[in-house]
Amino acid sequence: DSGVTQTPKHLITATGQRVTLRCSPRSGDLSVYWYQQSLDQGLQFLIQYYNGEERAKGNILERFSAQQFPDLHSELNLSSLELGDSALYFCASTPLLRSGGLDTQYFGPGTRLTVL
Amino acid sequence: DQQVKQNSPSLSVQEGRISILNCDYTNSMFDYFLWYKKYPAEGPTFLISISSIKDKNEDGRFTVFLNKSAKHLSLHIVPSQPGDSAVYFCAASTSGKLIFGQGTTLQVKP
(Lines give C-alpha, C1' and ligand atoms only; values in the text may rest on other atoms or scores of the structure.)
Protein backbone atom coordinates (compact mmCIF):
# COMPACT_ATOMS: atom_id res chain seq x y z
CA ASP A 1 0.00 0.00 0.00
CA SER A 2 1.60 3.23 -1.21
CA GLY A 3 -0.56 5.45 0.99
CA VAL A 4 -2.04 7.19 -2.05
CA THR A 5 -5.76 6.62 -2.51
CA GLN A 6 -7.85 7.12 -5.61
CA THR A 7 -11.59 7.00 -6.07
CA PRO A 8 -13.49 5.61 -7.77
CA LYS A 9 -11.71 2.43 -8.86
CA HIS A 10 -13.88 2.05 -11.93
CA LEU A 11 -15.99 4.52 -13.84
CA ILE A 12 -18.17 3.80 -16.85
CA THR A 13 -19.77 6.70 -18.65
CA ALA A 14 -20.94 7.85 -22.05
CA THR A 15 -19.38 10.12 -24.64
CA GLY A 16 -19.97 13.78 -24.03
CA GLN A 17 -20.22 13.36 -20.28
CA ARG A 18 -18.06 14.85 -17.53
CA VAL A 19 -16.40 12.97 -14.68
CA THR A 20 -14.27 13.80 -11.67
CA LEU A 21 -11.49 11.59 -10.40
CA ARG A 22 -10.24 12.04 -6.88
CA CYS A 23 -6.81 11.51 -5.35
CA SER A 24 -5.60 11.73 -1.76
CA PRO A 25 -1.81 11.90 -1.50
CA ARG A 26 0.32 10.25 1.14
CA SER A 27 0.19 12.00 4.48
CA GLY A 28 2.50 15.00 4.37
CA ASP A 29 3.10 14.93 0.62
CA LEU A 30 2.62 18.32 -1.01
CA SER A 31 3.01 17.40 -4.68
CA VAL A 32 0.41 15.51 -6.68
CA TYR A 33 0.91 14.27 -10.24
CA TRP A 34 -1.67 12.92 -12.65
CA TYR A 35 -0.92 10.36 -15.37
CA GLN A 36 -2.90 8.68 -18.10
CA GLN A 37 -2.18 5.15 -19.27
CA SER A 38 -4.00 4.17 -22.44
CA LEU A 39 -3.96 0.69 -23.95
CA ASP A 40 -0.41 -0.31 -24.95
CA GLN A 41 0.90 3.06 -23.88
CA GLY A 42 3.26 4.06 -21.15
CA LEU A 43 2.22 6.48 -18.49
CA GLN A 44 1.70 9.93 -19.94
CA PHE A 45 2.26 12.80 -17.55
CA LEU A 46 -0.71 15.14 -17.45
CA ILE A 47 -0.22 17.74 -14.73
CA GLN A 48 1.44 18.44 -11.39
CA TYR A 49 0.22 20.44 -8.43
CA TYR A 50 2.31 21.53 -5.49
CA ASN A 51 0.67 22.85 -2.33
CA GLY A 52 -2.39 23.98 -4.23
CA GLU A 53 -0.69 25.52 -7.23
CA GLU A 54 -0.21 24.16 -10.72
CA ARG A 55 3.52 23.61 -11.27
CA ALA A 56 3.98 21.60 -14.45
CA LYS A 57 1.88 20.58 -17.42
CA GLY A 58 2.36 17.68 -19.74
CA ASN A 59 0.16 16.31 -22.49
CA ILE A 60 -3.10 17.40 -20.93
CA LEU A 61 -6.04 18.16 -23.20
CA GLU A 62 -7.95 21.41 -22.84
CA ARG A 63 -11.03 19.34 -21.98
CA PHE A 64 -9.21 18.15 -18.88
CA SER A 65 -8.50 20.21 -15.79
CA ALA A 66 -7.30 19.60 -12.29
CA GLN A 67 -7.04 21.29 -8.95
CA GLN A 68 -5.52 20.69 -5.56
CA PHE A 69 -7.45 21.68 -2.47
CA PRO A 70 -6.22 23.11 0.86
CA ASP A 71 -6.32 19.64 2.41
CA LEU A 72 -3.98 18.60 -0.46
CA HIS A 73 -6.32 16.16 -2.13
CA SER A 74 -6.61 16.63 -5.86
CA GLU A 75 -9.31 16.19 -8.46
CA LEU A 76 -8.97 15.60 -12.17
CA ASN A 77 -11.95 16.75 -14.20
CA LEU A 78 -12.53 15.26 -17.62
CA SER A 79 -15.24 16.80 -19.77
CA SER A 80 -16.80 16.25 -23.21
CA LEU A 81 -15.55 12.70 -22.95
CA GLU A 82 -14.56 10.81 -26.08
CA LEU A 83 -14.04 7.10 -26.66
CA GLY A 84 -10.29 7.69 -26.76
CA ASP A 85 -10.32 9.00 -23.20
CA SER A 86 -10.85 5.45 -21.94
CA ALA A 87 -7.74 4.72 -19.92
CA LEU A 88 -6.26 4.16 -16.51
CA TYR A 89 -5.68 7.38 -14.65
CA PHE A 90 -3.07 7.35 -11.92
CA CYS A 91 -2.11 9.94 -9.42
CA ALA A 92 1.18 10.00 -7.58
CA SER A 93 2.56 12.08 -4.76
CA THR A 94 5.89 13.24 -3.41
CA PRO A 95 6.79 15.27 -0.35
CA LEU A 96 8.45 18.06 -2.27
CA LEU A 97 8.24 19.98 -5.49
CA ARG A 98 10.75 17.99 -7.52
CA SER A 99 10.85 14.28 -8.07
CA GLY A 100 13.60 12.04 -9.24
CA GLY A 101 15.99 9.61 -7.70
CA LEU A 102 15.86 11.23 -4.28
CA ASP A 103 12.19 12.01 -4.26
CA THR A 104 10.36 9.03 -5.64
CA GLN A 105 6.80 9.28 -6.76
CA TYR A 106 4.35 7.00 -4.97
CA PHE A 107 1.43 5.92 -7.08
CA GLY A 108 -2.17 5.24 -6.24
CA PRO A 109 -3.99 2.15 -7.57
CA GLY A 110 -5.57 4.10 -10.41
CA THR A 111 -9.06 4.77 -11.73
CA ARG A 112 -10.15 2.83 -14.78
CA LEU A 113 -12.33 5.02 -16.97
CA THR A 114 -14.43 3.45 -19.69
CA VAL A 115 -16.21 5.75 -22.13
CA LEU A 116 -18.96 4.02 -24.13
CA ASP B 1 8.04 12.09 -29.81
CA GLN B 2 8.88 9.14 -27.57
CA GLN B 3 11.77 10.31 -25.40
CA VAL B 4 11.93 7.05 -23.45
CA LYS B 5 11.53 3.77 -25.29
CA GLN B 6 11.27 0.18 -24.20
CA ASN B 7 11.46 -1.72 -27.44
CA SER B 8 10.63 -5.15 -26.04
CA PRO B 9 6.96 -5.42 -25.08
CA SER B 10 7.54 -8.73 -23.34
CA LEU B 11 10.24 -10.99 -21.95
CA SER B 12 10.05 -14.56 -20.68
CA VAL B 13 12.79 -16.14 -18.54
CA GLN B 14 13.21 -19.25 -16.44
CA GLU B 15 13.23 -19.00 -12.66
CA GLY B 16 16.76 -18.60 -11.34
CA ARG B 17 18.12 -17.09 -14.55
CA ILE B 18 18.93 -13.47 -15.27
CA SER B 19 16.28 -11.07 -16.57
CA ILE B 20 17.57 -8.09 -18.55
CA LEU B 21 15.16 -5.30 -19.35
CA ASN B 22 16.29 -2.53 -21.67
CA CYS B 23 15.41 1.10 -22.13
CA ASP B 24 16.65 3.77 -24.54
CA TYR B 25 16.27 7.50 -24.26
CA THR B 26 16.88 10.51 -26.44
CA ASN B 27 17.08 13.52 -24.12
CA SER B 28 20.59 14.12 -22.77
CA MET B 29 19.15 16.47 -20.11
CA PHE B 30 17.64 13.64 -18.08
CA ASP B 31 19.26 13.65 -14.64
CA TYR B 32 17.73 10.61 -12.98
CA PHE B 33 16.52 7.29 -14.29
CA LEU B 34 14.12 5.03 -12.46
CA TRP B 35 12.53 1.63 -12.80
CA TYR B 36 9.00 0.97 -11.63
CA LYS B 37 7.22 -2.36 -11.34
CA LYS B 38 3.49 -2.73 -11.86
CA TYR B 39 1.22 -5.62 -10.96
CA PRO B 40 -2.29 -5.86 -12.44
CA ALA B 41 -4.87 -3.68 -10.69
CA GLU B 42 -2.18 -1.81 -8.78
CA GLY B 43 -0.29 1.41 -9.33
CA PRO B 44 3.40 1.35 -10.29
CA THR B 45 5.82 0.90 -7.40
CA PHE B 46 9.33 2.27 -7.31
CA LEU B 47 12.06 -0.33 -7.72
CA ILE B 48 15.46 1.28 -8.19
CA SER B 49 16.98 4.47 -9.54
CA ILE B 50 20.27 5.82 -10.80
CA SER B 51 21.68 9.29 -11.09
CA SER B 52 23.08 10.39 -14.43
CA ILE B 53 26.50 10.80 -12.81
CA LYS B 54 26.72 7.08 -12.04
CA ASP B 55 26.90 4.05 -14.29
CA LYS B 56 25.67 1.36 -11.90
CA ASN B 57 23.42 1.02 -8.90
CA GLU B 58 22.70 -2.19 -7.09
CA ASP B 59 19.98 -3.15 -4.62
CA GLY B 60 19.79 -6.81 -3.73
CA ARG B 61 18.81 -8.80 -6.79
CA PHE B 62 18.28 -5.66 -8.85
CA THR B 63 21.02 -3.76 -10.66
CA VAL B 64 20.55 -0.83 -12.98
CA PHE B 65 23.22 0.05 -15.54
CA LEU B 66 23.45 3.38 -17.31
CA ASN B 67 25.40 3.92 -20.52
CA LYS B 68 25.19 7.65 -21.16
CA SER B 69 27.12 7.60 -24.42
CA ALA B 70 24.63 5.11 -25.84
CA LYS B 71 21.67 6.69 -24.02
CA HIS B 72 20.80 3.25 -22.79
CA LEU B 73 19.57 1.94 -19.47
CA SER B 74 19.11 -1.64 -18.37
CA LEU B 75 17.72 -3.46 -15.36
CA HIS B 76 19.19 -6.81 -14.37
CA ILE B 77 17.32 -9.13 -12.05
CA VAL B 78 19.39 -12.01 -10.70
CA PRO B 79 18.15 -14.56 -9.86
CA SER B 80 14.70 -14.08 -11.33
CA GLN B 81 11.76 -15.30 -9.27
CA PRO B 82 8.14 -16.01 -10.28
CA GLY B 83 7.05 -13.11 -8.06
CA ASP B 84 9.02 -10.79 -10.33
CA SER B 85 6.45 -11.36 -13.08
CA ALA B 86 5.00 -7.90 -13.71
CA VAL B 87 5.17 -4.95 -16.08
CA TYR B 88 8.38 -2.96 -15.73
CA PHE B 89 8.50 0.70 -16.69
CA CYS B 90 11.65 2.70 -17.06
CA ALA B 91 11.34 6.43 -16.45
CA ALA B 92 13.59 9.41 -16.84
CA SER B 93 13.46 12.59 -14.85
CA THR B 94 14.02 16.16 -15.95
CA SER B 95 12.79 19.39 -14.41
CA GLY B 96 10.83 17.42 -11.87
CA LYS B 97 8.83 15.50 -14.48
CA LEU B 98 8.96 11.79 -15.10
CA ILE B 99 8.82 10.52 -18.67
CA PHE B 100 7.87 6.85 -18.84
CA GLY B 101 8.54 4.17 -21.40
CA GLN B 102 5.77 1.92 -22.67
CA GLY B 103 6.63 -0.92 -20.34
CA THR B 104 7.94 -4.48 -20.70
CA THR B 105 5.95 -7.43 -19.41
CA LEU B 106 8.25 -9.88 -17.67
CA GLN B 107 7.16 -13.45 -17.14
CA VAL B 108 9.31 -15.63 -14.93
CA LYS B 109 8.48 -19.31 -15.39
CA PRO B 110 8.87 -21.71 -12.46
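One can find the structure itself at the top, above this paragraph.
The structure contained in this document is the topic of the report that follows.

Rules of the game
- The numbering scheme is per chain: residues are counted from 1 as the chain's sequence reads.
- Starting at A for chains and at 1 for ligands, labels are handed out in the order in which the entities are written.
- Per-residue local features of the predicted model are confined to residues with pLDDT of at least 70, and side-chain atom pairs are confined, for both listing and counting, to 80 or more; whole-chain, interface and lining totals are unaffected and use all residues.
- To obtain the side-chain values, all non-hydrogen atoms of the structure were included, while hydrogens and water were left out.
- Strands here mean DSSP runs of E at least two residues long; helices mean DSSP runs of H or I at least four residues long; both are numbered from the N terminus.
- Each radius of gyration reported is based on C-alpha atoms, and the globular scaling rule is 2.2 Å times the count of residues to the power 0.38.
- The contact criterion used throughout is that any non-hydrogen atoms of two residues lie within 4.5 Å.
- Accessibility throughout is a Shrake-Rupley quantity obtained with a 1.4 Å probe, and a residue counts as covered only by protein chains that appear here.
- We treat Lys and Arg as the positive residues and Asp and Glu as the negative residues; His and chain ends play no part in the count.
- All charge positions are set by atom: Lys at NZ, Arg at CZ, Asp at CG, Glu at CD.
- Between buried and exposed lies partly exposed: a residue is buried under 20% and exposed over 50% of the maximum accessible area for its type, with that area taken using a 1.4 Å probe on protein chains only.
- Among buried residues, those of type Ala, Val, Leu, Ile, Met, Phe, Trp, Tyr and Cys that are joined through side-chain atoms within 4.5 Å constitute a nonpolar core.
- Following DSSP output, two strands are said to pair if at least two bridges run between them.
- Here, axes are lines fitted to C-alpha atoms. For helices the fit covers the stretch in contact, and angles between N-to-C directions go from 0 to 180 degrees.
- The buried area of a pairing is the accessible area, by a 1.4 Å probe, that goes missing from both parts when the two are put together, added over both.
- Whenever a carboxyl oxygen of Asp or Glu lies within 4 Å of a side-chain nitrogen of Lys or Arg, that contact is scored as a salt bridge.
- For this analysis, a polar contact is any N or O atom pair within 3.5 Å, provided that within protein one partner can donate a hydrogen and the other can accept it, and provided that sequence-adjacent residues contribute only side-chain to side-chain pairs.

Each helix and strand counted, chain B has zero helices and 11 strands in total. Secondary structure elements of chain B occur, N-terminal to C-terminal, as β-β-β-β-β-β-β-β-β-β-β. Compactness check: chain B gives a C-alpha radius of gyration of 13 Å against a globular reference of 13 Å for 110 residues, within 12% of the reference. C-alpha atoms of chain B, sized along the principal axes, occupy 40 × 30 × 20 Å. Contacts in chain B between residues far apart in sequence, at least 24 positions, make up 54% of those at least 6 positions apart. Of the accessible surface of chain B, which amounts to about 5300 Å², a share of 49% is contributed by carbon and sulfur atoms. Counting 11 positive and 9 negative side-chain charges, chain B places the centres of these two groups 3 Å from one another.

Turning next to the overall build of chain A. Secondary structure assignment for chain A yields zero helices and 11 strands. Listed N to C, the secondary structure of chain A is β-β-β-β-β-β-β-β-β-β-β in terms of helices and strands. Over its C-alpha trace chain A gives a radius of gyration of 13 Å, about what one expects of a compact globule, namely 13 Å for 116 residues. Expressed as lengths along the three principal axes of its C-alpha atoms, the size of chain A is roughly 40 × 25 × 25 Å. Expressed as a percentage of the 116 residues in chain A, the buried residues total 51%.

Moving on, we come to the nonpolar core. Residues Phe33(B), Trp35(B), Leu73(B), Leu75(B) and Tyr88(B) are the most contacted members of the largest nonpolar core, which totals 23 residues. Of all the elements in the fold, those that place two or more residues in this core are β3 (19-25), β4 (32-38), β5 (45-51), β7 (62-67), β8 (72-77), β9 (86-94) and β11 (104-109) of chain B. The element contributing the most residues to this core is β9(B), with four residues. Residues Leu21(A), Tyr49(A), Leu78(A) and Cys91(A) belong to the second largest nonpolar core, which totals 21 residues.

Now for the environment of Pro9(B). Residue and element names in this part refer to chain B. Relative to the elements of secondary structure, Pro9 occurs in the loop between β1 (4-5) and β2 (10-14). In this structure Pro9 comes out as exposed when scored by relative accessible area, which is 62%. For the pair formed by Pro9 and Gly103, sequence separation is 94 residues and the distance between their alpha carbons is 6.5 Å. Apart from residues lying up to four places away in sequence, Pro9 is in contact with Gly103, Thr104 and Thr105.

What follows deals with the sheet that holds strand β1 (residues 5-7) of chain A. Residue and element names in this part refer to chain A. Sheet architecture is open: four strands sit in the order β1-β3-β8-β7, paired in antiparallel fashion. Two strands in the sheet have a free side with no partner beyond their single neighbour: β1 and β7 (64-68). Strand-to-strand twist across the sheet, computed as the mean angle between neighbouring axes with direction ignored, equals 15°.

With that out of the way, let us pick up the interface of chain A and chain B. Across the contact, 21 residues belong to chain A and 20 residues belong to chain B. Both sides together, the interface formed by chain A and chain B hides about 1600 Å², and carbon and sulfur atoms give 58% of it. For the pair chain A and chain B, the number of links is zero salt bridges. Taken together, the connections running from chain A to chain B amount to one residue pair in polar contact (both at pLDDT 80 or more).

All names here are of chain A. All chains considered together, the criterion is met by five salt bridges over all chains. Between Arg63 and Asp85 there is a salt bridge; the shortest N-O distance is 2.8 Å. Taken together, the positions of Arg63 in the loop between β6 (53-57) and β7 and Asp85 in the loop between β8 (74-78) and β9 (87-94) put the pair 22 residues apart, joining distant regions of the chain. Each member of the pair, Arg63 as well as Asp85, carries the same accessibility label: buried.

Residues and elements named next belong to chain B. Pairing is antiparallel in the open sheet, where five strands are placed in the order β1-β3-β8-β7-β6. Only two strands of the sheet have a single neighbouring strand rather than two, namely β1 and β6 (56-59). Two elements, β3 and β8, share six bridges in a ladder whose sense is antiparallel. Bridge pairing in β8 places Ile20 opposite His76.

With that out of the way, let us pick up the pairing of strand β2 (residues 10-13) of chain A. Residue and element names in this part refer to chain A. Of the two faces of β2, the one holding Leu11 and Thr13 is buried and the one holding His10 and Ile12 is not buried anywhere. Taken together, the four bridges between β2 and strand β11 (residues 111-115) define a ladder with parallel strand orientation. Within the sheet, the bridge partner assigned to Ile12 lies in β11 and is Thr114.

In short, geometric facts, not functional conclusions.
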